[in-house]
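Fold and contact review
Here's the letter readout for the chains.
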Amino acid sequence: MSVNLRNANLITLKDFTPEQIHYLLNLSADLKAKKRAGIKGDLLKGKNVVLIFEKTSTRTRCAFEVACFDEGANVTFLSNSQMGKKESMEDTAKVLGRYYDGIEFRGFKQETVETLAKYAGVPVWNGLTDLYHPTQILADFLTIKEHVFKPLNKVKFVYVGDARNNMGNSLMIGAAKMGMHFVALAPKELFPSKELVAEMQEVAKETGAVIELTEDINAVKGADVIYTDVWVSMGEEAMFEERINLLKPYQVNMDMIKKTENDDVVFLHCLPSFHDRETVVGEDIYQKFGLDAMEVTDEVFRSKHSKVFDEAENRMHTIKAVMVASIGNL
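An account of the accompanying structure is given in this report. (Residues numbered from 1 in each chain as written. Predicted model: local features only at pLDDT ≥ 70, side-chain atom pairs only at ≥ 80, totals over all residues. Heavy atoms only, no water.)

Points about the overall build of the chain
Inclusion rule: Per the convention used, a helix needs a DSSP run of H or I reaching at least four residues, while a strand needs a run of E reaching at least two, with both numbered from the N terminus. Atoms considered for the radius of gyration are the C-alpha atoms alone. The globule rule reads 2.2 Å times the number of residues to the power 0.38. Burial classes follow relative accessibility: with a 1.4 Å probe on protein chains only, a residue under 20% of its type's maximum area counts as buried, one over 50% as exposed, and anything between as partly exposed. It only takes one pair of heavy atoms within 4.5 Å for two residues to be counted as in contact. Surface accessibility follows the Shrake-Rupley procedure with a 1.4 Å probe radius. Residue values consider only the protein chains on display as shielding. By the counting scheme adopted, Arg and Lys are positive, Glu and Asp are negative, and His together with the chain ends is not counted. Lysine's charge is taken at NZ, arginine's at CZ, aspartate's at CG and glutamate's at CD.
When you go through the chain residue by residue, the secondary structure sums to 12 helices and 9 strands. In terms of overall size, the chain behaves like a compact globule, its C-alpha atoms giving a radius of gyration of 19 Å where 330 residues would be expected to give roughly 20 Å. The proportion of buried residues among the 330 residues of the chain is 56%. Here the analysis covers contacts within the chain between residues at least 6 apart in sequence; of these, 76% occur between residues at least 24 apart. For the chain, the accessible area works out to roughly 14600 Å², and carbon and sulfur atoms hold 48% of it. Side chains of the chain carry 40 positive and 48 negative charges; the gap between the two charge centres is 4 Å.

Details of the pattern of salt bridges
Cut-off, in case you're wondering: Take a side-chain nitrogen of Lys or Arg and a carboxyl oxygen of Asp or Glu: if they are within 4 Å of each other, that pair is a salt bridge.
Taken as a whole and judged by the stated rule, the model has 18 salt bridges. Residue E65 pairs with R61 through a salt bridge whose shortest N-O separation is 3.0 Å. Residue E65 and its partner R61 are located together in helix α2 (residues 59-70), separated by 4 residues, close to a single helical turn. Between D162 and R164 there is a salt bridge, and its shortest N-O distance comes to 2.4 Å. Because the salt bridges share partners, they merge into one network encompassing K35, D70 and K320.

Here we look at the sheet that holds strand β2 (residues 74-78)
Which entries qualify depends on this criterion: Criterion used throughout: strands pair if DSSP finds at least two bridges between them. Axis definition: a line fit to C-alpha positions, over the contact stretch in the case of helices; interaxial angles, taken between N-to-C directions, run 0 to 180 degrees.
The 4 strands are arranged β2-β1-β3-β4 in an open sheet whose pairing can be described as parallel. Strand pairing shows two members of the sheet lacking a second neighbour, β2 and β4 (124-128), which therefore form its edges. The mean inter-strand angle of the sheet, taken between neighbouring strand axes irrespective of direction, is 20°. One ladder, built from 5 bridges, connects strand β1 (residues 48-53) with β2; its direction is parallel. Across the sheet, V50 pairs through a bridge with T76, a residue of β2.

Focus: the sheet that holds strand β5 (residues 156-160)
The strands making up a sheet associate through backbone hydrogen bonding, with each pair oriented either parallel or antiparallel. What the 5 strands build is an open sheet, ordered β7-β6-β5-β8-β9; its pairing is parallel. The open sheet has two edge strands, β7 (210-214) and β9 (266-269), and neither has a second partner. If you compare each strand with its neighbour and ignore which way they point, the axes differ by 20° on average. Relative to β7, strand β6 (residues 181-185) runs parallel, the two sharing 5 bridges. Within the sheet, the bridge partner assigned to V183 lies in β7 and is E212.

Comments concerning the state of the cysteines
Here is the idea: a disulfide is a covalent bond, and it sits between the sulfur atoms of two cysteines. Just so we agree on the cut-off: The disulfide definition used here is simple: a pair of cysteine sulfur atoms within 2.5 Å.
Going through the model one piece at a time under the given rule, you end up with 0 disulfides. In this model C62 remains outside any disulfide bridge; the closest cysteine sulfur is found in C68, 12 Å from its own. With relative accessibility at 44%, the residue C62 sits in the partly exposed group. With no disulfide partner, C270 has as its closest neighbouring cysteine sulfur the one in C62, 16 Å distant.

Thoughts on the packing of aromatic side chains
Short version of the rule: The pairing test for Phe, Tyr and Trp rings, Trp by its six-membered ring, is centres within 6.5 Å, and the orientation test on the planes gives stacked under 30 degrees, edge-to-face over 60, and tilted for anything in between. Our definition puts a charge over a ring when NZ of Lys or CZ of Arg is within 6 Å of the ring centre and also within 35 degrees of the ring normal.
Evaluation of the coordinates by the stated rule reveals 7 aromatic pairs. On the basis of an interplanar angle of 90° and a centroid distance of 5.8 Å, the ring pair of F301 and F309 is categorised as edge-to-face. Through successive ring pairs, a cluster of aromatic residues spans F157, Y159, F182 and Y227. If you follow R61 out to its NZ or CZ, it ends over the ring of F77, 3.6 Å from the centre.

Some remarks on unusual backbone geometry
L271 connects to P272 through a cis peptide bond whose omega is 5°. Counting through the fold element by element, P272 comes out in the loop between β9 and α10 (280-289). Backbone geometry places L128, a non-glycine residue, at a positive phi of 145°. Mapped onto the elements, L128 comes out in strand β4.

What to know about helix α6 (residues 166-177)
Note the threshold: To estimate how far a helix should extend, the number of its residues minus one is multiplied by 1.5 Å.
Between its terminal C-alpha atoms α6 stretches 16 Å, which fits the 16 Å expected from 12 residues at 1.5 Å a residue. The element α6 is extensively covered by neighbouring structure, given that 12 of its 12 residues are classed as buried. Taken together, the buried positions of α6 are occupied by N166, M167, G168, N169, S170, L171, M172, I173, G174, A175, A176 and K177. Following α6 by one or two positions, G179 has its phi on the positive side, about 75°.

Brief notes about the pairing of strand β3 (residues 102-106)
Stated precisely, the cut-off is as follows: We call a crossover right-handed when, viewed with the strands running away from us, the connection from the first strand over the helix to the second turns clockwise.
Of all 5 residues in β3, 5 are buried, a share of seventy percent or more. Every second residue of β3 is oriented toward a common face, with G102, E104 and R106 on one face and I103 and F105 on the other, all of them buried. Of the strand pairs in this sheet, β1 and β3 are connected by 5 bridges, and their pairing is parallel. Looking at the pairing, V50 lines up with I103 of β3. Here β3 pairs with β4 via 4 bridges, running parallel. Bridged to I103 within β4 is V124. As a crossover connection, the stretch from β3 through helix α4 (residues 110-120) into β4 is right-handed.

Quick look at the side chain of T60
Along the chain, T60 turns up in helix α2. Every residue in contact with T60, bar those within four places of it in the chain, is listed here: F53, E104, R106, G127, H133 and R315.

In structure tokens, the structure reads:
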């Protein structure tokens, strides 16, 4: 069956079929090979893209900008505007839709990106909200395809840590769509919402996925992928002590890696990561709580299991695929 994503928004992977996600992953791999071969692209030639950022970013901004430049698009980075202050989101969307062929939004409220998509009249791509981070999941799945030598629907994927944040939500959605065995390994206080779990269990009935929630560290046995994220998300910085107390038993360390009984288990992290004391926050946490690493140890982060920098690179290739599929000259 042919896949056509022309003019499609990417707000959440809930809106995409498994076939559409496979298409984006295959297109990403093709575009990655093209870039590595040194072939200059023109699939976005003549297109104008605006990037709206409420939250700070390294990978998302750079990935969108380089992806645009690689395929010939023009980019505006917008972080200081009247949006939401002196001009409503609806009005802003209608204005930007007259100027641009595509809009990326990275910020706090999911409602904001949904409003942009409703009124802009051009494709809108979610670069992260408090609820979802769909472009990250595409990069994660491309990395799994590159390093786990089995189909996605045969993969056991264990997400460790805060399972109700945007990454926990989005990975569960993606895994359910792709028929994976998804394990949310977390304290019960940080399980994903019952509503989202129920929704994804319905998806799993169609795709053959398994959705599992547990506090038992032994659930990592047989894992193909161990994934974690920071214990405190942007905007929650006052909660470090509470989260450390909750999540310290769930730190990804070599003992956990060994419990998988899989010498080829892959470790992933969306980054940035507090795996050492080489950041202001990392040193502050050490001084206050005596931890030289939080969600993952430096040993695991730098080990053969870690594919985090392949994963980070793949942000660019998968984001490029999303833009090419929706506004490109295909």
